[in-house]
Amino acid sequence: MKAARVEVGGKPVGTPANDRSGSRGVNAPVLLSVRNIVKRYGSAVAVDDICLDVREGELLTMLGPSGSGKTTLLMMLAGFVAPTQGEMLFEGANVAPLPPEKRNFGMVFQGYALFPHLSVFDNVAFPLRIRRQPKEVVREKVLSVLKLVHMEAYAERMPKALSGGQQQRVALARAIVFDPKVLLLDEPLGALDRQLRASLQDELKALHRRLGTTFVCVTHDQEEAMSMSDRVVVMREGRIVQIGEPAAIYSRPQTRFVANFLGESNILHAPVVGSEGGKTVIRIAGCRVPVGGATNAAGEACLSIRPEHVAIEYTAPNGGTDDIALEGHVRDVTFVGADYRVHIETEAGPIIARCRTSEQARIPAPGDQVWARCRASAVWRVISD
Amino acid sequence: MNDQPRFAALVAPMLILLGLVYLVPLFGVLLISVTEPQPGLGNYANVLQSPAIGRVALTTARICGITTILSVVIGYVLAYAYVSASAGMRRMMMLFILVPLWTSVLIRTFAWLMILGDNGPVNGVVQSMGFDRLAMMHNELGVVIGMTHYLVPYAMLTILAGMAGIDERLTMASRGLGAGPVMTFLKVYFPLTLPGVFAGTVLVLVLALGFYVTPIILGGGRVVMMGEYISTQILLISRWGIGSVLATLLMLVVLLTIAAAARAVDLRRIFTV
């Protein structure tokens, strides 16, 4: 995977020019810089030569399947795992040789790791007491941060008397009470049920906005990554596959893996027949169509089309437009609330269309002859990996 | 469907056996203590007034106290070393802890007799360095050494059960929040091991109170603990009344220790780790 050399849309991926501005932290100075970090366990490579700049104040999420090296990278940032090779610069100084307690980063562990022998108050006071803060200061800071996470009423409780969501809030309070410049979060919402997760995502995002602290988060949940982050780092097999704003990664995935891992994607193959204006021209369903995205090679192009960009027609569309229409028949229809997921067997391969329930004049049924239509601009070429 | 009666039936043979071989004789001892040589509480009055028995009780308490503290401290260090060791090292350590545990207490005590004796290897080293011989046998020091050696595995294994249940992320969290290794141990790790330490202390103390063989051999008649004293009363001079009173009192102390422990911590939680 030579991700770094691939260009998307004519511009290098992951540079600020590729991100929409407006979101906080995107153009801020670099706070934490990972330089050529490698981690090997014997002959196995967990993290393979990663370079990454974390900007001040941003909420950066490292996303990847298990075994992608995201947690190892986070543990190296926190100081619990020593890199085999490489540097980590924090405000310009190399922190790689420092033990965790000398780094002054806040950390929220998977499963929260609250001290079971200490009350909520004492848990949150722990980092302040270690730093020998005076008693009144400890009290004041603990109570104010507990208020921030809506847990001030539970100060005297023991951790095991709290629900998962409440424990998560206390863990968060404990990690931010000493005003760290960086907060590291390992699967912060991983242990919670779905509904709670959604509401805590919003809370976490609001907290980030309010504190202005740099958050570096690890998750395997793409929805969580997309909804919370300023930038997402997609990882696979110890390497970074793509970095960017969630919307940018979603609409312009660089590889087939990213297209499938972030959201759902239809992957089609079509022959490359030329290029024009930085775009690849492919032949699909008898039409020549210029598509954006990867421009790496001739031969066969791997294409990604998001299901929500596919519409269903019951009559053959009249040609001459920018649209691509693939003839086929409906194999299966699944009702998922707001949408119907329609599986269509087309001349170019199987395609899934996501149609708004509210916009369907006629509900497709298995066996229907249909045309799957989408705009040429919705077809995106990815690297087949 | 209620399976309760059927399960009770499965346990019944065990309960009957326990009752026959344990509770009935125990009740017999209790009965003797108030009937021999004549009915009444005379035996109890005699025991409580006897200065000789007072001395034995004091010796027993002192030796048990010292032994318990030593066993728990050594057991703690061993358990900590064990959880910090690599997998291969752990297997080795467990072997060295379990083999003595499987060896007869008589053999181990005689081994200590050899090691600690006037012409044993320890005194050989001491004398070769130009010091006087140390008296480590037929005194309390020898008894404490022998008993501690026997009890350390019990303390260690109990403490280990507690340590093994401590989430590694807790010490990581402590480090991440700014505490160095020493503070992490003092503020997080040690408090979390306390229930195990407490359980180990109770277990070792209860076992120590009933020691018999080790004090006899290593004490050589000069260090008399309660177990030996009771045995002498019953087997040698046939004062069944006094012997059974002492046995009853000793058991009472054990039960009180366990009861006090149960009040302080949730014993069921500790012993089912």
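Just above, that's the structure.
Thresholds applied
- Residues numbered from 1 in each chain as written.
- Chains lettered and ligands numbered in written order.
- Predicted model: local features only at pLDDT ≥ 70, side-chain atom pairs only at ≥ 80, totals over all residues.
- Heavy atoms only, no water.
- Phe/Tyr/Trp six-rings, centres within 6.5 Å; stacked < 30°, edge-to-face > 60°.
- Helix = DSSP H or I, 4+ residues; strand = E, 2+ residues; numbered from the N terminus.
- Buried < 20%, exposed > 50% of the residue type's maximum accessible area, 1.4 Å probe, protein only.
- Lys NZ or Arg CZ within 6 Å of the ring centre and 35° of its normal.
- Expected span 1.5 Å × (residues − 1).
- Arc of directions from axis to C-beta.
- Contact = heavy atoms within 4.5 Å.
- Disulfide = S-S within 2.5 Å.
- Buried area = accessible area lost by both parts, 1.4 Å probe.
- Salt bridge = Lys/Arg side-chain N within 4 Å of Asp/Glu carboxyl O.
- Polar contact = N/O pair within 3.5 Å; in protein donor to acceptor, adjacent residues only side chain to side chain.
- Nonpolar A, V, L, I, M, F, W, Y, C, P; charged D, E, K, R; others polar.

> Give a description of the packing of aromatic side chains that names residues and reports values.
As enumerated under the stated definition, the model contains 13 aromatic pairs over all chains in all. Between F80 of chain A and F109 of chain A the ring centres are 5.7 Å apart and the planes differ by 55°, which places this aromatic pair in the tilted class. Taken together, the residues F80 of chain A in the loop between helix 1 (70-78) and strand 6 (85-90) and F109 of chain A in the loop between strand 8 (106-108) and helix 2 (120-130) connect sequence positions 29 residues apart. A ring pair is formed by Y76 of chain B and F190 of chain B, whose centres lie 5.7 Å apart and whose planes are at 65°; its orientation type is edge-to-face. Of this pair, Y76 of chain B sits in helix 3 (residues 51-84) while F190 of chain B sits in helix 9 (residues 181-209), and the two are 114 residues apart along the sequence. Note on F190 of chain B: relative accessible area 32%, which makes it partly exposed. Through successive ring pairs, a cluster of aromatic residues spans Y76, Y80, F185, Y189 and F190 of chain B. Here R174 of chain A stacks its cationic end above the ring of F115 of chain A, 4.6 Å away from the centre of that ring. Directly above the aromatic system of Y314 of chain A lies the positively charged group of R362 of chain A, at a separation of 4.1 Å from the ring centroid.

> Tell me about unusual backbone geometry, and name the residues and values.
Residues and elements named next belong to chain A. Its identity is not glycine, yet D179 carries a phi of approximately 50°, on the positive side. Among the secondary structure elements, D179 is positioned in the loop between helix 4 (164-176) and strand 9 (182-186). You will see that E237, though not glycine, has its phi angle at about 50°, which is positive. Within the secondary structure, E237 is located in the loop between strand 11 (231-236) and strand 12 (239-244). Assessed through its relative accessible area of 54%, E237 is described here as exposed.

> Please set out helix 5 (residues 194-211) of chain A residue by residue, giving values where relevant.
Residues and elements named next belong to chain A. Spanning 18 residues, helix 5 covers 26 Å between terminal C-alpha atoms, matching the ideal 26 Å at 1.5 Å per step. Every buried residue of helix 5 is listed here: R197, L200, Q201, L204, L207 and H208. Relative to the axis of helix 5, the buried residues are bounded by an arc of 135° and lie together on one face. Facing away from the buried side of helix 5, by more than 90 degrees, are the exposed residues Q195, D202, R209 and R210. On its buried side, helix 5 packs onto strand 5 (59-63), helix 3 (135-148), helix 4, strand 9, strand 10 (214-219) and helix 6 (222-228).

> Pulling in residues and values, what's your account of the state of the cysteines?
The full count for this structure, using the stated rule, is zero disulfides over all chains. No disulfide involves C355 of chain A; its sulfur sits 12 Å from the nearest other cysteine sulfur, which is in C374 of chain A.

> Can you break down the interface of chain B and chain A residue by residue, with the values?
Contacts between the two partners involve 17 residues from chain B, matched on the other side by 21 residues from chain A. For the pair chain B and chain A, the summed buried surface comes to about 1,700 Å²; carbon and sulfur atoms form 73% of the total. Three residues, R169, M172 and L177 of chain B, lead the burial of chain B against chain A; their summed loss comes to 37% of the area buried on that side. Inspection of the region where chain B meets chain A yields one salt bridge. When the shortest N-O distance is used, the salt bridge between R175 of chain B and E101 of chain A registers 2.6 Å. Counting every contact that joins chain B to chain A gives four residue pairs in polar contact (both at pLDDT 80 or more). Residues belonging to the side of chain B that touches chain A are distributed by class as follows: ten nonpolar, four polar and three charged.

> Could you give me a rundown of the pattern of salt bridges, with the residues and numbers involved?
Residues and elements named next belong to chain A. Under the counting rule described, the total for this entry stands at 20 salt bridges over all chains. Across the pair E91 and K181 runs a salt bridge whose closest N-O atoms are separated by 2.9 Å. Of this pair, E91 sits in the loop between strand 6 and strand 7 (93-94) while K181 is found in the loop between helix 4 and strand 9, placing the two residues 90 residues apart along the sequence. For E91, a relative accessible area of 46% translates into the label partly exposed. Across the salt bridge formed by E264 and R341, the nearest N and O atoms sit 2.5 Å from each other. Within this pair, whereas E264 is found in the loop between helix 8 (256-261) and strand 13 (266-276), its partner R341 is found in strand 19 (residues 339-346), the two being separated by 77 residues in sequence.

> Can you break down helix 4 of chain A residue by residue, with the values?
Each α-helix winds once per 3.6 residues, and so residues spaced three or four apart point in a common direction. A rise of 1.5 Å per residue sets the reference length of helix 4 of chain A, with its 13 residues, at 18 Å; its end C-alpha atoms lie 19 Å apart and thus fit the reference within 8%. With twelve of its 13 residues buried, helix 4 of chain A lies for the most part within the structure. Every buried residue of helix 4 of chain A is listed here: G165, Q166, Q167, Q168, R169, V170, A171, L172, A173, R174, A175 and I176 of chain A. Of the surrounding secondary structure, the elements contacted by the buried residues of helix 4 of chain A are strand 8, helix 2, helix 3, strand 9 and helix 5 of chain A together with helix 8 (168-176) of chain B.

Honestly, it's all geometry; don't read function into it.
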